[in-house]
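# Survey of secondary and tertiary structure
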There are 2 protein chains.
Amino acid sequence: MPMNRVCEMTGAEFPLFAFSHCRDVVAAVSKAGGFGVLGATRFTPEQLEEELAWIDAHVDGAPYGVDVLVPEVIDPRVRELSDNKSRAAAIDPAYQGFVNSVLGQYGIAPEPEMPILKERMGITPENGLALMEVAFRHPIRLIANALGIAPAAMIAEGKRRGVPVAALVGAKEHAIRQAEAGVDIIVAQGTEAGGHCGEVSTLVLIPEVVRELARAGHEIPVLAAGGIMTGGQMAGMMAAGAQGAWTGSIWLATPEAETSEAFRDKMVAARSRDTVRSRSRTGKPARQLKTAWHDAWDAAEGPGTLPMPLMGMVSEPAFARIEREAAAGNEGARELVSYFVGQGVGLVEQVRSSRQVVQDFREEFLEAVGGLAAAVGME
Amino acid sequence: MPMNRVCEMTGAEFPLFAFSHCRDVVAAVSKAGGFGVLGATRFTPEQLEEELAWIDAHVDGAPYGVDVLVPEVIDPRVRELSDNKSRAAAIDPAYQGFVNSVLGQYGIAPEPEMPILKERMGITPENGLALMEVAFRHPIRLIANALGIAPAAMIAEGKRRGVPVAALVGAKEHAIRQAEAGVDIIVAQGTEAGGHCGEVSTLVLIPEVVRELARAGHEIPVLAAGGIMTGGQMAGMMAAGAQGAWTGSIWLATPEAETSEAFRDKMVAARSRDTVRSRSRTGKPARQLKTAWHDAWDAAEGPGTLPMPLMGMVSEPAFARIEREAAAGNEGARELVSYFVGQGVGLVEQVRSSRQVVQDFREEFLEAVGGLAAAVGME
C-alpha cells in the first residue's frame, strides 16, 4: 500500500526523492525504492536522450523523473542575446581578468581568452523547453521545474500524459502561484539547500506552505527540500507536514556522482557553516561550498556578479579549470574546489553508495518514528 | 513516566521550553505542563527578585527556569567602560544624529540628547552574574545562559544545588566546548531563531550537534530552538534527534507577553521572509522583524553598528520612543515597530493565550506522531 498521496502519484515506494545530475544515482535510488530525478540542465537534448535511454535500460521498471530549469524571468541585460556566442561577447573582458587574478592567487596560470561554453547549453527558457520535450518521450513518472512558474506547455503535456509536474519554491506566495498554474506537487526548498534557494529555513517553510495551500483549497502534496541528509530529518519534515523529502546534496557524496574526489573529500571534512549563498556561480543566489572564489566575487571591491546565464559562462570554465588542476595535484587549486551543496554537508561523514544511502534513510526513518511513538506511549 | 531524559532532569511533563521576558507566560506555560523560562537580562537584580517571587507564588509548584546572559567575549572597545554613564560618553554623538534622522523620516521628532539607560542594566558579564545569584535563591529547575560558555560559577552552583545548566549554541564546536565546561543541556539554536543566532538552520544543526556530542562521549540532551511554532515541528525536531523544543517567538503573540499590540498585529500579518539577521539592535547578529531601521543601519552609507552593549544603548531608547509614538497613533512610527522574532513569525495566525498555545502544541505533537506511525503501518 502506498505510504501517502505522493507515493500514489509517482509510484515511489518510499517518498525519498533524489535529485542528481548522474544517471547512475537516479537508477540506483529508484531501484532501492526511492525515486531518482535526473537533473537535465547540463545536457544538450541529444545527450539527455542518451542518458534517459540508459536509465530506461537500467532502472528495472522502477519509477524515475526528470528535472529541467525553465526560468520564468529573464534579466533584461540578456534578453536580446540568443546564443552563447553573443552572450560571451556581451561579457566585459574585465571579468576574465578578475577570474585570472583570483585563480592566479592559488597557483593557476591565467587563460588569455574567455572560453565559450559550447557543449553546455546554459539555463534559458528555450533550452529548458527543448529538454522537456526529450523527457516526455520517456516513461517518466515526474517532471520537475524550478526558477519560476512551471511553463504552460509542461503542465499541459504532463496532464495529457498523466505525468505529475513538480515545482520548486522557496516562499508560500510562490507555492500558491504554482498551484494556480496547475502544478501537481510542490517542492518547498529552504535556505539551507544546495543550489538555488531562498531565505526561509526548511523547518519554517514546510508548515507555512502546507497551510497556505490548504487555506487556498489546493490539495497538493508538499515535499521538503533543504538540509535533509538522514531518515530522521525526513521523518521530521513529514511530522511538520511534508509528504516526503527532496534531496540533492547527499547524493554528491556517493561514488556514482559527478563530483570529483577532491570535492567529496571536502564534503566529508566540511562543517555545516562552510557553505555560502552567493550569486557568484550562476547569477542567482545559490548555496555552495565556500571558498576564496566566493569571497572575491562577493567583496565590495570586486566587479560584481553577472546575470544568469552570463555568470555561469564565466564561472563554469573557471571551476572546470580548478578541478583539472586539483586532480593534477595543484594544492592551491584544491583550496578553490567548490560545488553546489547545502548546509547538510556538515552531516556527511563518509562516501556511501546510493543504494546504501537509501537503505540508511529507510532504517533511520523507521527508528525515528518508533522513537517518537514510544515517547508518547504508542509502542 | 517522564517522556525522556530532559523531562527527568527538569521536571517538565511535556518538553516544550518557553523562553519569555514575561512572568505571566512563564507561569502559564509551566502550569500547563510545559516549562517556562524567564529571560532575566532586562531586569535589575531587585526587579528579578520581585519577578521570581511572583512566579513562585503563582506557578503552583510547577517547574520553571531562568535565562541570563553572561557574555564570554567582551569587545575591546568597551572593555574599560564599567558603567552606563561612561559607556554613553563613549558613543559618538553622530549616532544620536543618525537615529534622529531615521526616526524623523517616519514622523518622529528628534531628541536632542542621548538618553542613558538607567533602569536596564545592559548585557555585561557582571550584570549577568548578579542576576544569576538572584535566580539561584529561588526553586528554579533550570538555569540557561547564552553568548558563550556558561561561566564556571554557574556550573559549580548548578551542580551544588542540583539545578541543570543549559547553554545556547549555534554550532557544533560550541556544543562541545559547553559540554567540556560541564553544561547539562544544550539548546541548539538555528539561524531562523529570533534574537541572537548563528547561520546554520535548526534542521541541520540538531543532528549535527547530537552526533558530535555522542561522538565525543557526552551524554547530554539537546533541545531544538529556532523556527518552532507548532507541535508538528516540535515532533519533527525530536525525530531529528532533539529531546524537546526551546521556543521564544511564539510567546510574543500571546496577550500575556511584553509585546505591544502594534507588534502583535505585525506578527499576525508577517510572512516568514519579513525578518532580518542584523547587528543593528544589540551589536551582535540577532534576528528581528525587518523595518526601515534595519535597512538604514545595515546600509553601506550608514555609520555602522556599535559593539554590545553600546548598540543597545542607542537602539533601545529609540525603539521605546517608536512604541510610544505608535501607541499614540503615529502611523509612521507604526511602520518602524520591531522586535526580536524568528522566521516562524510567518506561522503566527492569531494571538492565543499561553495556556492555549501549550495545549495546541500537545495536540499537534500527538497528531504528527500518530500520522507518522500510521504511514509506516504502526497503528
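In this numbering scheme, every chain counts its residues from 1 along its sequence in written order. Written order determines the labels here, with chains lettered from A and ligands numbered from 1. Owing to the predicted nature of the model, reporting of local features is limited to residues with pLDDT of at least 70; listing and counting of side-chain atom pairs is limited to 80 or more, with chain, interface and lining totals taken over all residues. Only hydrogens and water are set aside when side-chain values are computed; all heavy atoms of the structure are taken into account.

## Description of the overall build of chain A
Rules: What counts as a helix is a DSSP run of H or I of at least four residues, what counts as a strand is a run of E of at least two, and both are numbered from the N terminus. Restricting the calculation to C-alpha atoms gives the radius of gyration, and the globule rule supplies 2.2 Å times the number of residues raised to the power 0.38. The classification of residues rests on relative accessible area computed with a 1.4 Å probe and restricted to protein chains. Under 20% of the type maximum is buried, over 50% is exposed, and intermediate values are partly exposed. We call two residues in contact when some of their heavy atoms are within 4.5 Å.
Helix and strand content of chain A: 16 helices and 11 strands. In terms of C-alpha radius of gyration, chain A reaches 20 Å, essentially the compact-globule figure of 21 Å for 379 residues. Overall, chain A is about 65 × 40 × 40 Å in size when its C-alpha atoms are taken along their principal axes. Counting every position in chain A, which comprises 379 residues, the buried fraction comes to 61%. Pairs at least 24 apart in sequence give 67% of the contacts found in chain A among residues at least 6 apart.

## A closer look at the interface of chain B and chain A
The cut-off we apply is this: The salt bridge criterion pairs a side-chain nitrogen of Lys or Arg with a carboxyl oxygen of Asp or Glu, the two atoms within 4 Å. By the criterion applied in these results, polar contacts are pairs of N or O atoms within 3.5 Å in which, for protein atoms, one can donate a hydrogen and the other can accept it, and in which residues neighboring in sequence qualify only through two side-chain atoms. In this classification, Asp, Glu, Lys and Arg are treated as charged, Ala, Val, Leu, Ile, Met, Phe, Trp, Tyr, Cys and Pro as nonpolar, and every other residue, Gly included, as polar.
Opposite the 46 residues of chain B that make contact, chain A presents 46 residues. Summed over the shared surface of chain B and chain A, the number is 8 salt bridges. Across the contact surface, chain B and chain A share 20 residue pairs in polar contact (both at pLDDT 80 or more). Of all the secondary-structure elements, those providing two or more residues to the side of chain B that touches chain A are helix 8 (172–181), helix 9 (202–215), helix 10 (231–239) and helix 16 (354–375) of chain B. Looking at the side of chain B that touches chain A, the element that brings in the most residues is helix 16 of chain B, giving 8 residues. When the residues that make up the side of chain B that touches chain A are grouped by side-chain class, the tally is 22 nonpolar, 14 polar and 10 charged.

## Re the pattern of salt bridges
Counted by the stated rule, this structure contains 44 salt bridges over all chains. In this structure, the salt-bridge partner of Glu-349 of chain B is Arg-215 of chain A, at a minimum N-O distance of 3.2 Å. With Glu-349 of chain B in the loop between helix 15 (331–336) and helix 16 and Arg-215 of chain A in helix 9 (residues 202–215), the pair connects residues from two separate chains. Arg-215 of chain A sits in the exposed class, given a relative accessible area of 53%. Salt bridges sharing common partners tie together Lys-172, Arg-211, Glu-212 and Arg-215 of chain A together with Glu-349 of chain B.

## Overview of the packing of aromatic side chains
Our working rule: Note on aromatic contacts: the rings of Phe and Tyr and the six-membered ring of Trp form a pair at centre separations within 6.5 Å, being stacked when their planes are under 30 degrees apart, edge-to-face when over 60 apart, and tilted otherwise.
The final tally for this structure, using the stated rule, is 18 aromatic pairs over all chains. Ring geometry for Phe-17 of chain A versus Trp-246 of chain A: centroids 6.4 Å apart, planes at 15°, classification stacked. Placement of Phe-17 of chain A in strand 1 (residues 16–20) and of Trp-246 of chain A in strand 9 (residues 244–247) is noted, with a sequence separation of 229 residues between them. For Phe-17 of chain A, a relative accessible area of 0% puts it in the buried group. Taking the centre distance of 4.9 Å and the plane angle of 40° together, the rings of Phe-17 of chain B and Phe-35 of chain B count as tilted.

## A look at helix 14 (residues 310–327) of chain A
All names here are of chain A. The line we're drawing: To estimate the expected span of a helix, count its residues, drop one, and scale the result by 1.5 Å.
With 18 residues, helix 14 ought to run about 26 Å at 1.5 Å a step, and its terminal C-alpha atoms sit 26 Å apart, in line with that. Of all 18 residues in helix 14, 13 are buried; the element is thus mostly enclosed. Note on helix 14: the residue one or two positions beyond its end, Gly-329, has a positive phi of about 100°.

## Focus on the sheet that holds strand 4 (residues 142–146) of chain A
Residues and elements named next belong to chain A. Formally: One bridge is not enough; two strands pair if DSSP finds at least two bridges between them. Only the contacting stretch of a helix is used when fitting its axis, a line to C-alpha atoms as for every element, and angles between N-to-C directions run 0 to 180 degrees.
As summarised here, the arrangement of the 8 strands in space is 1-2-3-4-5-6-8-9, forming a closed barrel in which the pairing is parallel. Each strand axis lies, on average, 25° off the axis of its neighbour in the sheet, ignoring direction. Summarising the sheet, strand 5 (residues 165–169) and strand 6 (residues 185–189) pair through 4 bridges and their orientation is parallel. In the sheet register, Leu-168 faces strand 6, and the bridge partner there is Val-187. Here helix 7 (residues 152–161) sits on the sheet in contact with strand 3 (64–69), strand 4 and strand 5, set at roughly 145° to strand 5. On top of the sheet, helix 9 reaches strand 5, strand 6 and strand 8 (222–225); it is set at about 165° to strand 8, its chief contact.

## Considerations on the sheet that holds strand 11 (residues 286–289) of chain A
All names here are of chain A. With respect to topology, 3 strands assemble into an open sheet ordered 7-11-10, the strand pairing being antiparallel. Looking at strand neighbours, the two that pair on one side only are strand 7 (195–196) and strand 10 (275–278), the edges of this open sheet. Pairing geometry for strand 7 and strand 11, over 2 bridges, is antiparallel. Bridging across to strand 11, Gly-195 finds its partner in Arg-287.

## Remarks on the relation of the copies chain B and chain A
Relating the two copies of this chain is a rotation about some axis coupled with a shift parallel to it. Threshold: Least-squares fitting of one copy onto the other uses the C-alpha atoms of those residues that reach a pLDDT of at least 70 in both copies.
Rotating chain B by 180° and moving it 0.0 Å along the rotation axis overlays it on chain A with an RMSD of 0.0 Å. Such values leave the two copies arranged in the relation of a two-fold axis. Relative to the rotation axis, the C-alpha of Gly-236 of chain B is the closest in chain B, positioned 1.7 Å from it. Most of the interface of chain B is mirrored in chain A: 100% of its interface residues are interface residues there too.

## So, the pairing of strand 6 of chain A
Across a regular strand the side chains alternate sides, sitting on one face of the sheet and then on the other. Residues and elements named next belong to chain A. Rules: Here the term right-handed applies to a crossover when the path leading from its first strand over the helix to its second strand runs clockwise, the strands being oriented away from the viewer.
Among the 5 residues of strand 6, 5 are classified as buried, and the element is accordingly described as predominantly covered. Residues Ile-185, Val-187 and Gln-189 line one face of strand 6 and the alternating positions Ile-186 and Ala-188 line the opposite face, and both faces are buried. Each parallel crossover has a hand, and the one from strand 5 via helix 8 (residues 172–181) to strand 6 is right-handed.

## Quick look at helix 8 of chain B
All names here are of chain B. Put simply, the rule is: Arc, as used here, means the arc of the directions from the helix axis to the C-beta atoms.
Listed as buried for helix 8 are Lys-172, Ala-175, Ile-176, Gln-178 and Ala-179. With its buried residues spanning 165° around the axis, helix 8 presents them on a single face. Residues of helix 8 that are buried in the fold lie against strand 5 (165–169), strand 6 (185–189) and helix 9. Backbone geometry just downstream of helix 8 places Gly-182 in the positive-phi region, at approximately 105°.

## Overview of the state of the cysteines
Just so we agree on the cut-off: Two cysteine sulfur atoms form a disulfide, by the criterion used here, when they sit within 2.5 Å.
This model, assessed by the stated rule, comprises 0 disulfides over all chains. With no disulfide of its own, Cys-197 of chain A lies 16 Å from the sulfur of Cys-197 of chain B, the closest cysteine sulfur. Under the relative-accessibility criterion, Cys-197 of chain A is labelled buried at 10%.

## Some words on the environment of Val-222 of chain A
Residue and element names in this part refer to chain A. Within the secondary structure, Val-222 is located in strand 8. For the pair formed by Val-222 and Gln-189, sequence separation is 33 residues and the distance between their alpha carbons is 10 Å. If near-sequence neighbours (up to four positions away) are discounted, Val-222 is found in contact with Ile-186, Ala-188, Ile-206, Val-209, Val-210, Leu-213, Ala-242, Gln-243 and Gly-244.

## Points about the environment of Asn-100 of chain A
Residue and element names in this part refer to chain A. Turning to its location among the elements, Asn-100 is positioned in helix 5 (residues 93–104). Looking at Asn-100, the relative accessible area reads 16%, which means it is buried. In sequence terms Asn-100 and Ala-62 are 38 residues apart; their C-alpha atoms lie 46 Å from each other. Beyond its immediate chain neighbours, meaning those up to four positions away, Asn-100 contacts Pro-110 and Glu-111.

## What to know about the pairing of strand 11 of chain A
In the sheet, strand 10 of chain A pairs with strand 11 of chain A via 4 bridges, with the strands oriented antiparallel. Bridging from a neighbouring strand, Arg-277 of chain A pairs with Arg-287 of chain A of strand 11 of chain A.

## What about the packing of helix 10 of chain B against helix 16 of chain B?
All names here are of chain B. Convention followed: When describing relative orientation, an angle under 35 degrees is termed roughly parallel and one over 145 degrees roughly antiparallel, while 65 to 115 degrees is termed roughly perpendicular and anything else oblique. In this scheme the crossing of two helices becomes right-handed for a clockwise turn of the near helix relative to the far one and left-handed for an anticlockwise turn of less than a right angle.
Helix 16 packs onto helix 10 with a crossing angle of 55° between their chain directions and a minimal axis gap of 7 Å. One finds that helix 10 runs oblique with respect to helix 16. As for the relative orientation of helix 10 and helix 16, their crossing is right-handed in sense. Contacts from Gly-231, Gly-232, Met-234, Ala-235 and Met-238 in helix 10 reach Phe-361, Glu-364, Phe-365, Ala-368 and Val-369 in helix 16. When grouped by side-chain class, the residues that make up the contact of helix 10 with helix 16 number 7 nonpolar, 2 polar and 1 charged.

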